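# An overview of the molecular structure
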Amino acid sequence: MSETLLPPHGKGMLGARGALELIGLTKQYGDERVVDAVDAEIRPGEFFSLLGPSGSGKTTTLMMIAGFVAPDRGAIRLDGADLTHVPPQRRGLGMVFQNYAIFPHLDVFENVAFPLRARRVAKAELRRRVEATLALVRLERFATRYARELSGGQQQRVAIARAIVFRPSIVLMDEPLGALDKNLRYAMQVEIKELQQRLGMTVIYVTHDQEEAMNMSDRIAIMNQGRIEQLGPPGEIYERPRNAFVGRFLGEANLLDGTIEQIAGDEAALRTRDGVLLRARCRSPAITQRTASLFVRPEKLAFGDVPEADRGESNCVQGVVQRRAFLGSMIRTTVQIGPTTQLTVDQPNLMNGAGPQVGAPVVVSWAVAHTLTLPE
Amino acid sequence: MRRRSTLLMLPALTMLAAVFLAPLVLFLAQTVIIDKDAPPFWPHVLSVIESRVMLRTILITNWISLLVTATALLLGYPVAYYLANRRGPRFTLVLFCVIVPYFTSIIVRTFSWMVILGRNGLINHLLQDLGLIDAPLPLLYNRTAVVIGMTYVLLPYMVLTLFAAMRSIDPNLLRAARGLGASGPMIFARIYLPLSLHGVVSGALIVFILAVGFFITPALMGGPSDVMVATLIERSVEIDLDWSTAAVMSLYLLAVTLVLYAVYYRVTDLRRLMGT
Amino acid sequence: MRRALPAYVTVLCLLLLAPIVIVIVLAFSGPGYLQFPPRSYSLDWFIRFLGDPRWRESLWYSIVIGFIACIVATVVGFFAAYAFVRGSFAAKKLLLSLLLLPIIVPTVITSIAMYFVSVRLELVGNVLWIGICQAVIALPVVLLILLSALQGVDVNLERAALSLGASPVRLFVKVVIPLAAPGLISAALFAFLTSFDELIIALFLTGVRVQTLPVRIWNSLHMEIEPTIAAVSAFLIGVTGVVLLLDGLLRGRRASTMKTRR
């Protein structure tokens, strides 16, 4: 039944539609640049997330793509055609809103039929497509219900069904899972991702939840203060953040401020404010100033010394355990390695929460390959 | 989308301009453009406003309006306080008692007071039946009757305005004051009264604005010495057919009203105008 | 103090309701002079009211003019309220204060000004024109009710409709109007009531031929208080009661739909 939702014949191959280009997109409210010269190319069939803290401009960017906010500068292109000044109702983009925005005066069937009625789809065809879409989101038994009679997850599915029933080339989602509790959130993430892959549609997804973004996205754009700080696949951004903000925002991070003492090849030696000398990978053009941050993920750190043979490839520091937090699947230990410097170490909880106790002297070590120097 | 929604203002603005503003301007222009043998503008305006009748009427109008505003405030404040601090059926019942007269035709409400206060009215009948008086008392067609009638008509405006202001007072402030050891009267004087003060100002302004331009009640319930400005304006058109004098008096009344409205505009959220 | 306040509020509420109750009771009194409490009860005065062709004619004019004012004020006011809630333009508050002027400017002045123009345009006694003039007075009422009703409509519902391909007309017909329906009906009811109860504009503009109910009551009060007025007044109170009742029901519905939307 899902083939009814695939792009109609003659429109090209699956996934050929739905390429979106953002060119220098800018929006200003008063003196504040909410969105500042955003450039991005979203590929057909891609799951693309805009991730950032609140006020970073991600929702405004989405609203400009949808056509509800007019950009002050820049352009939006869909499959090569300029979309910048097209009114929202003629953009043909599906949209799922944060609070679902299900019409309270229409039942589920009529909500999903709404875009088809707006396009004057013939009766029989309309019924067939609405029913197929409802089956796709497993709501076929709820067609005559109203939004107030549905659970959060069901309302979410209605919103998705309504946004895809007219086969838009791109579906926009504005924090669609924000109102759901944690377990349901994960289930819905899986469901949305499966649906997206099955239908081969392009999804542009706004969220402030990093795990959600990493779980679902092909590529993520990290936004901060109206700009895209970094754009790339989740793994790349997680492992190789371009700056301290990105490193801190996507997951937990150890960031130690210091000065660069020397650079040799792709390796730099950085002295922390407490005088500890540490080594890190350094992508040469990125580091120009003397001050920088040393970056390493807590799960890359381990307790205990490394064998003599591996010393050249590792950092080793001594410290005292300051705090221990039991987080269920892992243990988070904070180690004081200097008067003003701490390291966070995440270990999987393998043996009933065993590990160094508060006050114990420890050695923390990790591979230089996992360590980066980042600009301030 | 934004720009187009702004265009939706046009029908309302057009109607307001054509049916309301234009007639006002044309009528008030009578003060300037009168017949060719008319007196010049300022002397004419001054002669109307400084005439003894007009001066007396202005004084009476202001005095009655002040009395009505003060009475409505004194009567209405406790009721608004009660409404703001009650929930459930009692709240609904009291609100009902305020709302029903509010939406009843002014002419009906005035008629009712005429029946109550009239020579052969309710009160006179009652007093005579009780043997307290021999001849009916002249309760109607005097200033007290006007004040009673107008207060009755305008009291709901006062109560609803005060209520809106009081409802926005955070009850935690009062609890905090109690927790800090303040007595009941002190909480009222130092916390509640100051916080409800802007409601008092708004309520007093709106009641006074409506009172100075009041027509129906004073015209029906007042005696010959209780003529208010609105009545005088109506008479000079209906009886004297003197449009230019009516225009000058209207200009005065309009000026007073608009100045007070400007103050009201500064101190109040206009959306509270009807107390909803 | 604890007991004084409820006692005072009770007394004042009785005083507020008394005039209205008295009129209603009088309207049902038996034949003879107006007296309270009446010696006997009957429907005589209502029969006289509805049996008199002149009163009946006034009732008819009141209804027709009320409908015209209601439709004009509601339609015009709805668009304006929508523009206020969704539009972005400078001087919003100033514009609102302008549109609320008709209830601030003393009605006597407004009426005389309208009369002044109507005489020259030969519109005195024109039912349609009277309706439009009263619609100006009803406009602020409509506007205030619809402002709060439209503020309750989630802007994302409108965005959703547009993103799903609805034209602006479809957006209004299928989404905005249904969602604002309770507020719209309330606004229409109060617009009708405003016109139905309005005296001063009617007094100046109706002329000799066309007289609305309030105008005829006014004229009668100037001559002699005849008991029929009590019946007519009770009828007007009844209309107010019906409007308030319907509005209360609508408010209940609005409140229950709000709740489900969290």
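Parameters at a glance
Residues numbered from 1 in each chain as written. Chains lettered and ligands numbered in written order. Predicted model: local features only at pLDDT ≥ 70, side-chain atom pairs only at ≥ 80, totals over all residues. Helix = DSSP H or I, 4+ residues; strand = E, 2+ residues; numbered from the N terminus. Buried ≥ 20, exposed ≤ 12 C-beta atoms within 10 Å, placed from the backbone. Contact = placed C-beta atoms within 7 Å. Nonpolar A, V, L, I, M, F, W, Y, C, P; charged D, E, K, R; others polar. Axes fitted to C-alpha atoms, helices over the stretch in contact; angles between N-to-C directions. Parallel < 35°, antiparallel > 145°, perpendicular 65-115°, else oblique. Left-handed = near helix turned anticlockwise from the far one by under 90°. Pairing = 2+ DSSP bridges. Core = buried A, V, L, I, M, F, W, Y, C linked by C-beta atoms within 7 Å. Expected span 1.5 Å × (residues − 1). Bend = angle between axes of the 7 residues up to and from the residue. pLDDT = per-residue confidence, 0-100.

## Topic: the overall build of chain B
Secondary structure assignment for chain B yields 13 helices and 0 strands. Its C-alpha atoms put chain B at 75 × 75 × 30 Å along the principal axes. Counting every position in chain B, which comprises 276 residues, the buried fraction comes to 43%. Considering only intrachain contacts with a sequence separation of at least 6, the fraction spanning at least 24 residues in chain B is 74%.

## Considering the overall build of chain A
Looking only at helices and strands, one finds 8 helices and 20 strands in chain A. Overall size of chain A, expressed as C-alpha extent along the three principal axes, is 75 × 50 × 40 Å. For chain A, long-range pairs separated by at least 24 residues make up 65% of all intrachain contacts whose partners lie at least 6 apart in sequence.

## Re the interface of chain A and chain C
Facing the 20 residues of chain A at the interface are 18 residues of chain C. Of the residues assigned to the side of chain A that touches chain C, the class counts are 13 nonpolar, 4 polar and 3 charged.

## Regarding the packing of helix H6 (residues 127-151) of chain C against helix H8 (residues 168-197) of chain C
All names here are of chain C. Relative orientation of the contacting elements H6 and H8 amounts to 155°, with a least axis distance of 9 Å. Judged by the inter-axis angle, H6 sits roughly antiparallel to H8. Seen from above, H6 lies across H8 with right-handed handedness. For the pair H6 and H8, the contacting residues are Gln134, Ile137, Ala138, Val141, Val142, Ile145, Leu146, Ala149 and Leu150 in the first and Ala180, Pro182, Gly183, Leu184, Ser186, Ala187, Phe190, Ala191, Thr194 and Ser195 in the second. In terms of residue class, the contact of H6 with H8 is built from 14 nonpolar, 5 polar and no charged.

## Description of the interface of chain B and chain C
Interfaces are often described in size by the accessible area the parts lose on coming together. The interface is formed by 63 residues belonging to chain B together with 66 residues belonging to chain C. Residue composition of the side of chain B that touches chain C, grouped by class: 48 nonpolar, 11 polar and 4 charged.

## Quick look at the sheet that holds strand S5 (residues 81-82) of chain A
Working definition: the strands of a sheet are paired by backbone hydrogen bonds and lie parallel or antiparallel to each other. Pairing is antiparallel in the open sheet, where 4 strands are placed in the order S2-S1-S4-S5 (chain A). The open sheet has two free edges, formed respectively by strand S2 (32-42) and S5 of chain A, since each of these has just one partner strand.

## Focus: the arrangement of the chains
Here the protein chains form 2 pairs of chains in contact, of which the pair with the most contacts is chains B and C. Chain B makes no contact with chain A, the minimum C-alpha separation between the two being 8 Å.

## Quick word on the nonpolar core
Among the nonpolar cores identified, the biggest contains 247 residues, and Leu154(B), Val207(B), Ile112(C), Leu146(C) and Ala191(C) are the most heavily contacted of them. Once you skip the residues sitting within four places of it in the chain, Ile112(C) turns out to touch Phe27(B), Ile233(B), Val237(B), Ala246(B), Ser250(B) and Phe204(C). In this structure, Leu270(A), Cys282(A), Ile337(A) and Leu374(A) belong to the second largest nonpolar core, which totals 23 residues.

## Describing the pairing of strand S3 (residues 47-51) of chain A
Residue and element names in this part refer to chain A. Within S3, 5 of the 5 residues are buried, leaving the element largely enclosed by the surrounding structure. In S3, alternate side chains face the same way, and those of Phe47, Ser49 and Leu51 on one face and Phe48 and Leu50 on the other are all buried. Here 5 bridges tie S3 to strand S8 (residues 202-207), and the two strands are oriented parallel to one another. Within the sheet, the bridge partner assigned to Leu50 lies in S8 and is Val206. Sheet topology places S3 next to strand S9 (residues 219-224); 4 bridges connect them, and they run parallel. Across the sheet, residue Leu50 finds its bridge partner in S9, namely Ala221.

## Focus: the packing of helix H2 (residues 108-118) of chain A against helix H4 (residues 152-164) of chain A
Residues and elements named next belong to chain A. For the pair H2 and H4, interaxial distance at closest approach is 7 Å and the crossing angle is 30°. Of the possible angle classes, the one that applies to H2 and H4 is roughly parallel. Crossing of H2 against H4: the hand is right-handed. In this structure, H2 contributes Val108, Asn111, Val112, Phe114 and Pro115 to the contact, and H4 contributes Val158, Ala161 and Arg162.

## Overview of the sheet that holds strand S16 (residues 314-326) of chain A
Residues and elements named next belong to chain A. Taken in spatial order, the 5 strands line up as S15-S19-S16-S17-S18 in an open sheet, and their pairing is antiparallel. Each having just a single partner strand, strand S15 (302-303) and strand S18 (341-348) make up the two edges of the open sheet. As judged from the 2 bridges shared by S15 and strand S19 (residues 361-367), these two strands associate in the antiparallel manner. Considered in S19, the bridge of Phe303 is made with Val364.

## Comments concerning unusual backbone geometry
Even without a glycine there, the phi angle at Arg120(A) is positive, about 55°. Looking at where Arg120(A) falls in the secondary structure, it is placed in the loop between H2 and helix H3 (123-136). Although it is not a glycine, Leu241(B) adopts a positive phi angle of roughly 55°. Within the secondary structure, Leu241(B) sits in the loop between helix H12 (229-238) and helix H13 (243-267).

## Topic: helix H4 (residues 52-84) of chain B
For H4(B), which comprises 33 residues, the first-to-last C-alpha distance of 46 Å matches the rise-based estimate of 48 Å (1.5 Å per residue) to within 8%. Of all bends in H4(B), the biggest is about 35°, found at Gly76(B), and the proline Pro78(B) comes one to four residues later.

## Thoughts on the pairing of strand S4 (residues 73-78) of chain A
All names here are of chain A. The pairing of strand S1 (residues 20-29) with S4 spans 5 bridges and is antiparallel. When the sheet's bridge partners are listed, Thr26 is paired in S4 with Arg73. The pairing of S4 with S5 spans 2 bridges and is classified as antiparallel. Bridge assignment links Leu78 to a residue of S5, and that residue is Ala81.

## Some thoughts on the confidence of the model for chain A
Residues and elements named next belong to chain A. Summing up the model confidence of chain A, the mean pLDDT is 88 and the portion of residues at 70 or higher is 93%. S3 holds the highest mean pLDDT among the elements of chain A, 96, whereas strand S11 (residues 254-264) holds the lowest, 85. Note that pLDDT drops below 50 for residues 1-15; the model gives that stretch 24 contacts with residues more than four away or on any other chain.

## What to know about H2(A)
All names here are of chain A. Those residues of H2 that fall on the buried side of the exposure criterion are Val108, Asn111, Val112, Ala113, Phe114, Pro115 and Leu116. Buried residues in H2 make contact with H3 and H4. Phi turns positive one or two residues past the end of H2, at Arg120, with a value near 55°.

## Comments concerning the environment of Ala160(C)
With respect to the element layout, Ala160(C) can be found in helix H7 (residues 155-163). Those residues in contact with Ala160(C) that lie beyond four places of it in its chain are Met95(A), Phe97(A) and Ala101(A).

## Focus on the environment of Asp266(A)
Residue and element names in this part refer to chain A. The topology assignment puts Asp266 in the loop between S11 and strand S12 (267-272). What makes Asp266 exposed here is the crowd of 10 C-beta atoms within 10 Å. Note: C-alpha distance between Asp266 and Cys282 (16 residues apart in sequence) is 5.2 Å.

## What about the environment of Gly30(C)?
All names here are of chain C. Note that Gly30 resides in the loop between helix H1 (4-27) and helix H2 (44-51). With 14 C-beta atoms packed within 10 Å, Gly30 lands in the partly exposed category. The spacing of Gly30 and Ala69 is 39 residues in sequence and 36 Å in space, taken between C-alpha atoms. Setting aside residues up to four positions removed in sequence, Gly30 forms contacts with Pro38, Arg39, Ser40, Tyr41, Ser42 and Asp44.

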